[in-house]
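Fold and contact review
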Amino acid sequence: MFLSPTPACNTSRFRNTSPEKMSLKTARSTLTRALWTRGNRTPPLARACKANRFSTTCGLCGSGKQGREKQQEQSCGSASNEQSQDQRSSSEPPHKCPPGGKKRPEEPPGVPGVGGDTGRLFSSAAPSLDPKFYLWARYNETKRLVHDLIPPGACNLLNSSTIYANNEVSLGGVDIYGFDYDYTLALYSNTLDTMIYNMARDFLIEHFKYPEDIRKYDYIPNFAARGLHYDIEKGLLMKIDAFHYIQPGTVYRGLSPVPDDEVLQLYGGTHHIPLQQDSGFYGKGPKVKQFMDVFSLPEMTLLAVANDFFISNDIEYDPVHLFKDVSEAIGMVHLRGYMYKWIMQDLDKFILRGEDTCAVLDRLVSHGKKLFLITNSPFSFVNKGMIHMVGKDWRDFFDVVIVQADKPHFFTDCIKPFRRLDGNGDLRWEKINTLEKGQIYKQGNLFDFLRLTGWRGSRVLYFGDHLYSDLADLMLRHGWRTGAIVPELVQETKVVSTKQYALNLTWLQALTGLLERLQTFQDPESKQILLEWQKEREELRAMTKNLFNPQFGSIFRTCHNPTYFSRRLCRFSDIYMASLGCFLNYDLSYTFYPRRTPLQHEAPLWMDQLCTGCMKTPFLDEMAHIR
């Protein structure tokens, strides 16, 4: 913890201490012990140490003896650490600067924290310090620590086969498993996005009579990201955080970024969007639309392309009409069955990891679990895909199969009754009094489903990819357990596991901590230094964002806050994973425990945070027999 040289505490313990003999770190350690023994009476500037604020969640973790020694070395009250640091030779070679940082010259002996005798006096008679030397001493000392804060091998701990927990879930208490079909039981190749985009673009030109030159725009695979918001009236695609604020640098008009100053003007001097008024619970408008499922990537790209065409060619247009036309064109691809036809014509090309789906279903049934399927897709499409992945007897796995369910209305309305389909897929006319195994049902509603099955509460775990259509109502209204399928976790985990990301993020957090603690320096020279640090911080933020997606960054975070998508993911899913195949790494009696991350007013005192917080991965070697 770095403190300013302004007086912050006037306890008698420090009044007789000579400023020439007390180093900064010795005083800090002494102050910390004093505050712990005197209770929770923390002065506003010299607060009790809250563990290393510069570390990430895995900053102090280690394994075995080395991890415990590392933790002890960096403990706030470690007297041996203070002594060894104070006696460090000025000739000690500096650590290599992390990416994005700037090399600073070492300050001469006598600067606080570098190795001289001048230290901070915790009394009302603090010595006069050169603010410039003091600030850069803190900067250089912190930068040297960055590499030490990342344990060896920390970048290799994450695994995309992990199941992550937002809420404690014991699989031993789950008897019934439910599934969506698209992007849950069946994962699709990215090639499908290109085909949806191309067909919808052609509909715009041929059906809605848009200019032929739009056909020159090809699909851009990595332009958009799931969870973005679209301002329908302004024609802007943007990323919004959990507090409804636009992330600077992530607003696009067409294919071009909108300057932050212009964004402020467009929204009345604020980055805040009143989503409850403009977007509604399901994120469908009337003014702002949120794109929540994987199928929305082609739609976002087509919106950006069409806007870009009109702007580039200086053609007047109404963004509201454009939004409605693009939405209808995308809908035509689905409603007219083009997507279903493409997939059924080449199942091997489009369906991924079907063997994992088969293995999961077989394992659940062999352990006596009941299974059901609720999907919006038609039976002919589901049937062909399931035969490809599981076999002709796939219906034997499921106790109930419901197609064309019309979610999310299936979960909220009680109007549509169940209809049974015969072997040819034609509707039958008899009233449904029971839901029988081996039969196929169409439409219906959740209230009749609960009445006919009796499957209620936390005994049920339902998996889906759409946070609103699949999961929200089940968790909020009916108390089912829910599991979100987030295929983007594979790529996000790869990025988070890189050394470049670890160095960037750790130094970014360390620099942020410096700015927080040393902002009390208000002289002109210090202000200029702090301004320079702020600019470096913005550069680090941009570098970190670009590692995920150059336009919009990670789908889970803005600069530091969770995204709106991430907050909804935490609210509507008990667990989440990249694919259903992740289940093969866990025993069916396994209990998922969420990581207890500290609240802002809490110190990370629990061992899960300090030692195992970054090791939330399945023990693949030990559990290999599950596969």
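This text follows the structure it describes.
Residues numbered from 1 in each chain as written. Predicted model: local features only at pLDDT ≥ 70, side-chain atom pairs only at ≥ 80, totals over all residues. Heavy atoms only, no water.

A sheet is described by the order of its strands in space; here five strands give the open sequence β8-β7-β6-β5-β9, paired in antiparallel fashion. Two strands in the sheet have a free side with no partner beyond their single neighbour: β8 (256–257) and β9 (288–290). The sheet contact formed by strand β7 (residues 252–253) and β8 spans two bridges and is antiparallel. By the bridge assignment, Tyr252 is partnered in β8 with Pro257. Lying over the sheet, helix α8 (residues 296–312) contacts β5 (229–231), β6 (236–238), β7, β8 and β9, oriented at roughly 30 degrees with respect to β5. (Pairing = 2+ DSSP bridges. Helix = DSSP H or I, 4+ residues; strand = E, 2+ residues; numbered from the N terminus. Contact = heavy atoms within 4.5 Å. Axes fitted to C-alpha atoms, helices over the stretch in contact; angles between N-to-C directions.)

Pairing in this open sheet of nine strands is mixed, and the strands run β1-β17-β16-β15-β3-β11-β12-β14-β13 from one edge to the other. Of all strands in the sheet, those bounded by a partner on one side alone are β1 (164–165) and β13 (418–421). Judged from the two bridges that link them, β1 and strand β17 (residues 575–577) form a sheet pairing that is antiparallel. Bridge pairing in β17 links Tyr164 to Tyr576.

A few words on the environment of Thr453. Examined against the element boundaries, Thr453 turns out to sit in helix α15 (residues 446–453). Taking the C-alpha atoms as reference points, Thr453 and Glu436, 17 residues apart in sequence, are found 9.7 Å from one another. From its side chain, Thr453 meets the backbone oxygen of Phe449 in a polar contact 2.7 Å long. Only 3.2 Å separates the side chain of Thr453 from the backbone nitrogen of Trp455, close enough to count as a polar contact. (Polar contact = N/O pair within 3.5 Å; in protein donor to acceptor, adjacent residues only side chain to side chain.)

Time to look at the pattern of salt bridges. Counting across every chain of the model gives 22 salt bridges. Across the pair Arg201 and Asp202 runs a salt bridge whose closest N-O atoms are separated by 3.7 Å. By the burial criterion, Arg201 is buried, and Asp202 matches it. Among the ionic pairs, Arg481 bridges to Asp574, the shortest N-O distance being 3.3 Å. With Arg481 in strand β16 (residues 481–485) and Asp574 in the loop between α20 (564–572) and β17, the pair connects residues that are 93 residues apart, well separated along the chain. Residue Asp574 is classed as buried on the basis of its relative accessible area, which comes to 2%. (Salt bridge = Lys/Arg side-chain N within 4 Å of Asp/Glu carboxyl O. Buried < 20%, exposed > 50% of the residue type's maximum accessible area, 1.4 Å probe, protein only.)

Take the environment of His466 next. For His466, the position within the fold is in the loop between β15 (460–464) and α16 (467–478). Separated by 175 residues in the primary sequence, His466 and Phe291 place their C-alpha atoms 9.8 Å from one another. The contact partners of His466, leaving out residues within four places of it in the chain, are Met292, Asp293 and Leu471. A polar atom in the side chain of His466 sits 3.0 Å from the backbone nitrogen of Ser469.

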